[in-house]
Structures are given as C-alpha cells and as structure tokens.
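A structural walkthrough
Listed below are the residues making up each chain.
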Amino acid sequence: MKQRRQTKRGLTAGKLARGAIITALGCALILVAYPLEALDLTMAAAAAVLIWIMRLEYGSVFAMLVYAATATLSLLLMPSNSGAACYLLIFGWYPVYKAFLEIKVKRKWPVLLLKVAAVVLGF
C-alpha cells in the first residue's frame, strides 16, 4: 500500500522563498518598463501573470500577499510610477478577483458585468 505524503498547510520556508522570488521578479518586470514608456502596460500585465501563477500554486491569500509586496516595492523603487500604478490599480489584483468571481458566481452575465465594472472602476 502506497502512503501519501502529507504536505504542511500554512506558510513554510519553501512557500516564503518562492513568494520572495516571484515578488522580486514582478518588481524587476515593472522596473524594466522605466526606460521605455511604451512597455508600462505590457510589463504590468506580465507581472500580473506571476500573481495568477501564485494563485494556482498556493491559493488566493498567498497570491494577494505577493501582490501587496510587489506593488509596495514597485511604488517605492520606480522613478516614475506609471507602470507601478497600473499594476497597483488593476493588473495585480485582477487575476485573484477573476478567479473568485468564476468560482462563486455561477451565471455568465453577472460575472461579465462585474469584471467590466472592476476594470472601469480600477482605471
């Protein structure tokens, strides 16, 4: 009989290290957009993909913690805050919000309206 390996719930050293790496990578992506102003939205969206990956691997709470750390560090480190502001206002939290809506709300039209409202109110 094969025994299943028990995994620890909560914050472990491995999760913390991966979260720190994803946070640093997200900040680096947003900082790359500084020399080229045309990349602000692109790099903010690329950093949001990292939040989506964290949500898939470790859950929404941990993804929101990584989002908060990335947004805070990006706002502190960026000389011009346009890319960091885009990330803070809509791109960073939207993957978690989208997943929450798709899980909790079963009908298609209310989900679509709430997504559009989030994007419009975010900007």
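Everything quoted here is computed from the prediction, not taken from an experiment.

1. Focus on a nonpolar patch on the surface
On the surface, a cluster of nonpolar side chains totalling about 370 Å² of accessible area is made up of L31, L73, L76 and L77. The biggest single contributor to the nonpolar patch is helix α3 (residues 60-77), with 3 residues. Within the secondary structure, L76 is located in helix α3. Accessibility expressed as a relative area gives 66% for L76, which makes it exposed.

2. Describing the confidence of the model for the chain
Mean pLDDT over the chain: 86, with 92% of residues reaching 70 or higher. Ranking the elements of the chain by mean pLDDT puts helix α6 (residues 108-122) last, at 85, and α3 first, at 93.

3. Quick word on the nonpolar core
Ranked by internal contacts, the top residues of the largest apolar core, which has 17 residues, are I30, I51, M54, V66 and Y87. Those elements giving two or more residues to this core turn out to be α1 (13-32), α2 (40-58), α3 and α4 (82-91).

4. Here we look at the packing of α2 against helix α5 (residues 94-104)
Interaxial distance between α2 and α5 falls to 8 Å at its minimum, and their mutual angle equals 45°. One finds that α2 runs oblique with respect to α5. Only P95, V96 and A99 of α5 make contact with α2, whose side of the interface consists of A48, I51, W52 and R55. Partitioning the contact of α2 with α5 into residue classes produces 6 nonpolar, no polar and 1 charged.

5. Some words on the environment of A47
Relative to the helices and strands, A47 resides in helix α2. Take A47: its relative accessible area is 1%, and that puts it in the buried class. With 28 residues separating them along the chain, A47 and L75 place their C-alpha atoms 14 Å apart. When residues no more than four places from it in sequence are discounted, the contact partners of A47 are G26, L29, I30 and Y87.

6. Structural notes on the packing of aromatic side chains
Taken as a whole, this structure holds 4 aromatic pairs when the rule is applied. Measuring from ring centre to ring centre gives 5.6 Å for Y58 and F62, while their planes differ by 75°; the resulting arrangement is edge-to-face. Given a relative accessible area of 13%, F62 falls into the buried group. Judged by centre distance (5.7 Å) and plane angle (50°), the ring pair of Y67 and Y87 falls under tilted. Placement of the pair is Y67 in helix α3 and Y87 in helix α4, with a sequence separation of 20 residues.

7. Brief notes about the pattern of salt bridges
Enumeration according to the criterion identifies 2 salt bridges in this entry. Put simply, K98 and E102 hold a salt bridge, and the shortest N to O gap is 2.9 Å. You can see K98 and its partner E102 sitting in helix α5, 4 residues apart, about one turn around the helix. According to the relative accessible area criterion, K98 is partly exposed, its value standing at 30%. Notably, a salt bridge pairs K115 with E102, separated by 2.8 Å at the nearest N-O pair. Placement of K115 in helix α6 and of E102 in helix α5 is noted, with a sequence separation of 13 residues between them.

Conventions used here
Residues numbered from 1 in each chain as written. Predicted model: local features only at pLDDT ≥ 70, side-chain atom pairs only at ≥ 80, totals over all residues. Heavy atoms only, no water. Patch = residues over 30% accessible without salt bridge, like charges linked within 9 Å, V, L, I, M, F, W, Y side chains within 5 Å. Areas by Shrake-Rupley, 256 points an atom, 1.4 Å probe, with all protein chains shown as cover. Salt bridge = Lys/Arg side-chain N within 4 Å of Asp/Glu carboxyl O. Helix = DSSP H or I, 4+ residues; strand = E, 2+ residues; numbered from the N terminus. Buried < 20%, exposed > 50% of the residue type's maximum accessible area, 1.4 Å probe, protein only. pLDDT = per-residue confidence, 0-100. Core = buried A, V, L, I, M, F, W, Y, C linked by side-chain atoms within 4.5 Å. Axes fitted to C-alpha atoms, helices over the stretch in contact; angles between N-to-C directions. Parallel < 35°, antiparallel > 145°, perpendicular 65-115°, else oblique. Contact = heavy atoms within 4.5 Å. Nonpolar A, V, L, I, M, F, W, Y, C, P; charged D, E, K, R; others polar. Phe/Tyr/Trp six-rings, centres within 6.5 Å; stacked < 30°, edge-to-face > 60°.

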